[in-house]
Amino acid sequence: MATKHEQILDYIETLEVGEKISVRRIAKELQVSEGTAYRAIKEAENKRLVSTIERVGTIRIERKKKENIERLTYAEIVNIVDGQVLGGRTGLHKSLTKFVIGAMQLEDMMRYTEAGNLLIVGNRLKAHEYALQAGAAVLVTGGFDASDTVKKLADEYELPVISTSYDTFTVATMINRAIYDQLIKKEILLIEDILIPLENTHYLHHHDPISRYRELNKETTHGGFPVVDDTGRIIGILTSRDIIGFTDEDSVEKAMTKDPITVTLQTSVASAGHRMIWEGIDLLPVIDDQGKLCGVISRQDVLKAIQTAQRQPQQGETIDDLIISQLQMKPHEKLSLEFRVTPQMTNSYGSISYGAYTTILSEAATSALKTKNRKDSVLENMTVYFLKPVQLDSLIYIKPAILDISRKSAKVDIEVSFEGEIVGKAMLTFQLLDR
């Protein structure tokens with residue numbers, strides 16, 4: 001039977017997009033405490049089912065597909081710019097296709113403004129009116145108000161008119177940053193993207209006999225299976241090693257390994273992969289917020305996903321991407337790389353930051369390992385045992401040397417120099433991933 005928390009989440013998913021909800025309403029309709037209702041609404045917000053806007057309330061929004069995550073809703077715009085909704089609240093759940101800066105003549109402005117757009121403009125009252133008539137929402141910058149006519153039109157067309165105290169340039173920058181962050185999030189593979197769902201997952205119940213394990217093992221050739229209790233919560237895992245010394249009649253619960261390592265739908269694939277290698281396991285159960293089994297992932301699934309992601313075109317750059325893009329192979333020298341220290345890579349003293357430095361070391365060592373074998377690698381340990389400050393605009397040389405490499409691990413020594421002088425030394429240890 002579903003818990004009260006799950007019942008509330010299921011109820012929220014059945015609501016119409018754009019509908020307003022409240023803790024009091026949920027508590028009354030589902031006969032739960034206000035504390036339970038509040039926690040469930042917060043969870044719904046994390047799952048992007050609802051959005052809470054100051055001075056407006058909590059509204060049901062459309063759950064975006066991962067490939068469309070960069071399309072923001074007007075509700076999200078309100079939160080990004082600390083805005084106040086002047087009219088058209090019922091349209092806050094809608095997505096916008098693009099935003100238009102109102103820094104031109106009115107006729108030209110309207111030529112660029114279409115249905116589904118967001119016009120960002122100051123106190124130009126006619127522009128507000130024309131934008132709404134064209135099917136676009138309006139973001140009024142500089143803290144200005146809108147006319148009563150515009151507010152009525154906004155309610156009539158169900159198109160939000162939002163006011164923010166920020167200027168037009170700052171608002172555009174804030175929205176751009178939000179979209180860019182969404183693009184980066186879109187590239188990060190999560191467990192939910194590669195999950196083998198529950199209906200395709202083989203698992204055991206705690207009261208099953210061990211003979212059931214043997215049946216599933218013969219049927220699927222898998223070596224391990226999650227074990228659940230009567231409510232579907234995961235309580236253990238059973239592998240071929242666990243059943244040694246037990247008879248077919250013994251219960252699964254008796255032989256299983258309790259408190260297994262699990263991941264959630266929001267765990268990153270890279271993190272899960274690293275953990276599987278570190279712990280030496282081939283199968284990870286995936287659980288929901290209530291600890292119930294919702295699927296599994298295998299080591300093969302993780303490796304395949306990581307390799308596929310590496311072949312995808314980049315759409316948003318992280319700090320690591322920016323650093324790596326500036327690493328260049330040193331001409332005529334095998335494995336050696338060079339890197340110019342740019343302003344973004346420095347600390348408050350004008351020398352290279354520790355974060356940028358460690359990213360450079362890791363990438364240089366990874367590049368060296370790829371020339372020796374075709375395996376992917378995961379950094380396990382890094383020891384920086386010598387480091388001198390490297391100033392802005394310095395061109396540094398990074399020379400990795402593979403000291404030891406086996407089937408499962410490798411050690412790489414790295415020397416960093418500037419104008420012939422050694423400025424850094426480090427030792428890195430990697431786990432190697434079988435394809």
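Computed from a predicted model, the values in this text were never measured in an experiment. (Residues numbered from 1 in each chain as written. Predicted model: local features only at pLDDT ≥ 70, side-chain atom pairs only at ≥ 80, totals over all residues. Heavy atoms only, no water.)

(A) Examining the overall build of the protein chain more closely. The number of helices and strands found in the protein chain is 15 helices and 22 strands. Restricting the contact set of the protein chain to residue pairs at least 6 apart, pairs at least 24 apart contribute 54%. Summed over all atoms, the accessible surface of the protein chain reaches about 23000 Å², with 50% contributed by carbon and sulfur. (Helix = DSSP H or I, 4+ residues; strand = E, 2+ residues; numbered from the N terminus. Contact = heavy atoms within 4.5 Å. Areas by Shrake-Rupley, 256 points an atom, 1.4 Å probe, with all protein chains shown as cover.)

(B) Quick peek at the pairing of strand β3 (residues 57–60). Pairing geometry for strand β1 (residues 20–21) and β3, over 2 bridges, is antiparallel. Following the sheet pairing, lysine 20 is matched in β3 by isoleucine 59. Two strands pair when backbone bridges link them, and strand β2 (residues 50–53) and β3 are joined in this way by 4 bridges, in the antiparallel orientation. Bridge pairing links threonine 52 to threonine 58 in β3. (Pairing = 2+ DSSP bridges.)

(C) Local environment of the packing of aromatic side chains. Counting across every chain of the model gives 1 aromatic pair. On the numbers, 5.6 Å between centres and 75 degrees between planes, the contact of tyrosine 213 with phenylalanine 225 is edge-to-face. In this pair, tyrosine 213 is assigned in helix α10 (residues 210–220) and phenylalanine 225 in strand β11 (residues 224–228), connecting sequence segments 12 residues apart. According to the relative accessible area criterion, tyrosine 213 is buried, its value standing at 2%. (Phe/Tyr/Trp six-rings, centres within 6.5 Å; stacked < 30°, edge-to-face > 60°. Buried < 20%, exposed > 50% of the residue type's maximum accessible area, 1.4 Å probe, protein only.)

(D) Representation of helix α1 (residues 4–14). Among the residues making up α1, those that are buried are His5, Glu6, Ile8, Leu9, Tyr11 and Ile12. On the buried face of α1, the contacting elements are β1, α2 (23–30), α3 (34–46), β2 and β3.

(E) The arrangement of the confidence of the model for the protein chain in detail. Mean pLDDT for the protein chain: 83, with 89% of residues reaching 70 or above. For the stretch residues 65–70, pLDDT sits under 50, and the model shows 13 contacts to residues farther than four places along the chain or on other chains. (pLDDT = per-residue confidence, 0-100.)

(F) Structural context of the side chain of aspartate 208. On the secondary structure map, aspartate 208 appears in the loop between β10 (204–205) and α10. Arginine 212 provides the closest opposite charge to the buried, salt-bridge-free aspartate 208, at an N-O distance of 4.8 Å. Ignoring sequence-local partners within four residues, the contact set of aspartate 208 consists of Asp250, Ser251 and Val252. (Lys, Arg positive; Asp, Glu negative; His and termini not counted. Salt bridge = Lys/Arg side-chain N within 4 Å of Asp/Glu carboxyl O.)

(G) View of unusual backbone geometry. Phi is positive for glutamine 31, which is not a glycine, with a value near 55 degrees. Within the element layout of this structure, glutamine 31 appears in the loop between α2 and α3. Judged by relative accessible area, which is 71%, glutamine 31 ranks as exposed. One non-glycine residue, aspartate 82, lies in the positive phi region at around 50 degrees. By secondary structure assignment, the location of aspartate 82 is in the loop between α4 (74–80) and β4 (84–87). Classification of aspartate 82 as exposed rests on a relative accessible area of 52%.

(H) Local environment of the sheet that holds strand β14 (residues 263–264). With mixed pairing, the 4 strands of this open sheet are ordered in space as β9-β16-β15-β14. Both outer strands of the open sheet, β9 (196–197) and β14, are each paired with one neighbouring strand and no more.

(I) Structural view of the nonpolar core. Core analysis: the biggest nonpolar cluster contains 26 residues, and Phe339, Ile352, Ile398, Ile414 and Val416 have the highest contact counts within it. If you list the elements that add at least two residues to this core, you get β18 (337–340), α15 (354–372), β20 (395–405), β21 (409–418) and β22 (421–433). When residues in this core are grouped by element, the largest group, 7 residues, is from α15. Not counting residues up to four positions away in its chain, the partners in contact with isoleucine 398 are Leu327, Leu335, Ser336, Leu337, Glu338, Phe339, Ile360, Ala364, Ile414, Glu415 and Val416. Among the nonpolar cores identified, the runner-up in size contains 20 residues, and Ile59, Tyr74, Ile77 and Val85 belong to it. (Core = buried A, V, L, I, M, F, W, Y, C linked by side-chain atoms within 4.5 Å.)

(J) Seen up close, the sheet that holds β21. Reading across the sheet, the 6 strands line up as β17-β18-β20-β21-β22-β19 and stay open at both edges, with antiparallel pairing between neighbours. Two strands lie at the open edges of the sheet, namely β17 (328–329) and β19 (376–387), each paired on one side alone. Taken together, the 8 bridges between β20 and β21 define a ladder with antiparallel strand orientation. What sits directly across from isoleucine 402, in β21, is valine 412. The strands touched by α15 within the sheet are β18, β19, β20, β21 and β22, with β19 carrying the most contacts at an inclination of about 130 degrees. (Axes fitted to C-alpha atoms, helices over the stretch in contact; angles between N-to-C directions.)

(K) Representation of the environment of alanine 178 within the structure. With respect to the helices, strands and loops of the structure, alanine 178 is situated in helix α8 (residues 168–187). Alanine 178 gets classed as buried once you look at its relative accessible area, which sits at 15%. What alanine 178 contacts, discounting residues up to four positions off in sequence, is Leu72 and Ile80.

(L) Representation of the pairing of β11 within the structure. Of all 5 residues in β11, 5 are buried, a share of seventy percent or more. Neither face of β11 is open: one carries Gly224, Pro226 and Val228, the other Phe225 and Val227, and all of them are buried. Sheet analysis places β11 next to strand β12 (residues 234–239), joined by 5 bridges and oriented antiparallel. Looking across to β12, one finds that valine 227 is bridged to glycine 236. In this antiparallel pair of consecutive strands, β11 and β12, the connection spans 5 residues, and glycine 232 shows a positive phi of 95 degrees.

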